[in-house]
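# Fold and contact review
The primary structure of each chain is shown beneath.
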Amino acid sequence: MKNGVQQFQVGDSIDAYVLIKQVKKGIASNGKPFLSLQLSDQTGEIDAKLWAISAEDEAVFRAGTIVHVQGDVQDFRGQRQLRIKSLRPATAMDHVRPEDFMPTAPRNKEDMLEEVHQYIFEMNNAKIQRLTRHLLKKHQQAFIMAPAATKNHHEYASGLIYHVVSMLHAAKSLAQLYPSLDTDLLYAGVILHDMAKVRELSGPMTTEYTLEGKLIGHIPLMVTEIDNAAKELSIEGEEVMVLQHMILSHHSKPEWGSPKPPLVKEAELLHLIDNIDARMNMLDRALERVEPGEFSERVFGLENRSFYHPSFTKSSADPT
């Protein structure tokens, strides 16, 4: 039995309630308008096309709308795509709520927040600790609900804090192998590196880039936040500048969005851990619906590669 859109394979038929997460209007080769939709439930998302639309369709089928959809899953350039047969907005009689259709992190957000606080509590550098605690407290409510992205990795409710906690675990393990690392700086960089995504992105329901997200971006926003926090707390010293460098360099290259490359050991490791966690998350989500001995659909964030699910691996084992 199929329990959600993430489990549907090419050739399956869908008859379900879903949330319209994103909408984009396009013009077909015949000159007629259409809508590209990203439809979601708590298991994940699937792309769909609504062809030959009317002005009424544009007004009705907006991001954040729950709809009842019927259609068939097809393959489009290595990706699943839903060919819509019928689509209608849900009504009060359907007894459905938008929050019931949001994919969410696999862990409780309050438990993850407690873990983050514990890492801050264990910091020895008072300047780094105060800055990190101050900024977490400022953004805490949005931070525990926010996705980490609009697509590709951790793009679900509480995805940002789940990404951070996973990175903290990796950082702690690596620090045991490389004891010369400054763990206060590394942990602070992990906690703060994407925190300004609470301003860059609109939130978990219908995640889009905000105006300041489009014009400024989370990296410059966070560098400014650290500067303002340091002034507010009357904190001076090299720690402030190096922590800002951690944020500026965590994407590593200009073409990936970093104004500076990592020039501090902990900044280099922050980039690597960030990249590992994002890529593993993309792989897990791509392979979770792939049968042993089969290939996944193409993963855009991983150089558009299609990944094989070996029949002998742990993930292939029968849970019973």
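Residues numbered from 1 in each chain as written. Predicted model: local features only at pLDDT ≥ 70, side-chain atom pairs only at ≥ 80, totals over all residues. Heavy atoms only, no water.

To continue, consider the nonpolar core. Within soluble globular proteins, side chains that are nonpolar generally end up buried alongside one another. Core analysis: the biggest nonpolar cluster contains 53 residues, and V116, I191 and L192 have the highest contact counts within it. Contributing elements (two or more residues each) for this core: helix 2 (109-121), helix 3 (126-143), helix 4 (159-177), helix 5 (183-192), helix 8 (218-232), helix 9 (238-249) and helix 10 (265-287). No other element matches the eight residues that helix 4 contributes to this core. Residues contacting V116, with those up to four places away along its chain left out, are L136, I161, V164, V165, L168 and I191. (Core = buried A, V, L, I, M, F, W, Y, C linked by side-chain atoms within 4.5 Å. Buried < 20%, exposed > 50% of the residue type's maximum accessible area, 1.4 Å probe, protein only. Helix = DSSP H or I, 4+ residues; strand = E, 2+ residues; numbered from the N terminus. Contact = heavy atoms within 4.5 Å.)

Let us now look at the domain arrangement of the protein. Along its sequence, the protein is carved into domain 1 (12-100) and domain 2 (109-282). Computed from C-alpha coordinates alone, the two centres of domain 1 and domain 2 are separated by 34 Å. Facing nine residues of domain 1, the contacting portion of domain 2 comprises seven residues. Summed over the three residues of domain 1 that lose the most area to domain 2, namely K21, Q22 and E45, the buried surface amounts to 58% of that side. Inspection of the region where domain 1 meets domain 2 yields zero salt bridges. For the pair domain 1 and domain 2, the number of links is one residue pair in polar contact (both at pLDDT 80 or more). Here the element with the most residues in the side of domain 1 that touches domain 2 is strand 1 (residues 13-27); it accounts for four residues. Tallied by class, the residues present in the side of domain 1 that touches domain 2 amount to four nonpolar, two polar and three charged. (Domains from an automatic or database assignment. Buried area = accessible area lost by both parts, 1.4 Å probe. Salt bridge = Lys/Arg side-chain N within 4 Å of Asp/Glu carboxyl O. Polar contact = N/O pair within 3.5 Å; in protein donor to acceptor, adjacent residues only side chain to side chain. Nonpolar A, V, L, I, M, F, W, Y, C, P; charged D, E, K, R; others polar.)

Bridge count between strand 1 and strand 4 (residues 66-76): seven bridges; the pairing is antiparallel. Within strand 4, the position partnered with Y17 by the bridge is H68. Relative to strand 2 (residues 33-41), strand 1 runs antiparallel, the two sharing eight bridges. The residue bridging V23 from the neighbouring strand is L37, located in strand 2. Between the end of strand 1 and the start of strand 2, which pair antiparallel, lie five residues, with G31 showing a positive phi angle near 90°. (Pairing = 2+ DSSP bridges.)

The subject of this paragraph is the sheet that holds strand 5 (residues 79-89). Strand order in the closed barrel formed by five strands is 1-2-3-5-4, and the pairing between neighbours is mixed. Taking the axes of each pair of neighbouring strands and ignoring which way they run, one obtains an average angle of 50° across the sheet. (Axes fitted to C-alpha atoms, helices over the stretch in contact; angles between N-to-C directions.)

Turning next to the UniProt feature "domain: HD" (unreviewed entry) in the protein. The sites that UniProt annotates as "domain: HD" (unreviewed entry) are residues 163-279. End-to-end, the C-alpha atoms of residues 163-279 are 11 Å apart, and along that stretch the chain is 65% helix and 0% strand. (UniProt positions renumbered as here; feature names shortened; annotations may be inferred.)

The next thing to look at is helix 4. End to end, helix 4 covers 28 Å across 19 residues, agreeing with the expected 27 Å (1.5 Å per residue, within 8%). Contacts from the buried residues of helix 4 go to helix 2, helix 3, helix 5, helix 6 (197-200) and helix 10. (Expected span 1.5 Å × (residues − 1).)

Moving on: helix 9. Taking 1.5 Å per residue as the helical rise, helix 9 with its twelve residues ought to reach 16 Å, and the 16 Å between its terminal C-alpha atoms agrees with that figure. Of all the residues in helix 9, the buried ones are V240, V242, L243, Q244, H245, M246, I247 and S249. Buried-residue contacts for helix 9 involve helix 3, helix 5, helix 8 and helix 10.

This paragraph deals with the side chain of R285. Tracing the backbone through its elements, the reader meets R285 in helix 10. Non-local contacts of R285, meaning those with residues more than four positions away in its chain, are made with Q6, G44, E45, E155 and Y156.

Turning our eyes to something else, we now look at the packing of helix 5 against helix 9. Packing of helix 5 against helix 9 brings their axes to within 9 Å, and their N-to-C directions diverge by 50°. Relative to helix 9, the element helix 5 is oriented oblique. Seen along the crossing, helix 5 lies across helix 9 with a hand that is right-handed. Between helix 5 and helix 9, the contacting residues are L185, L186, A188, G189 and L192 on the first element and V242, L243, M246 and I247 on the second. (Parallel < 35°, antiparallel > 145°, perpendicular 65-115°, else oblique. Left-handed = near helix turned anticlockwise from the far one by under 90°.)

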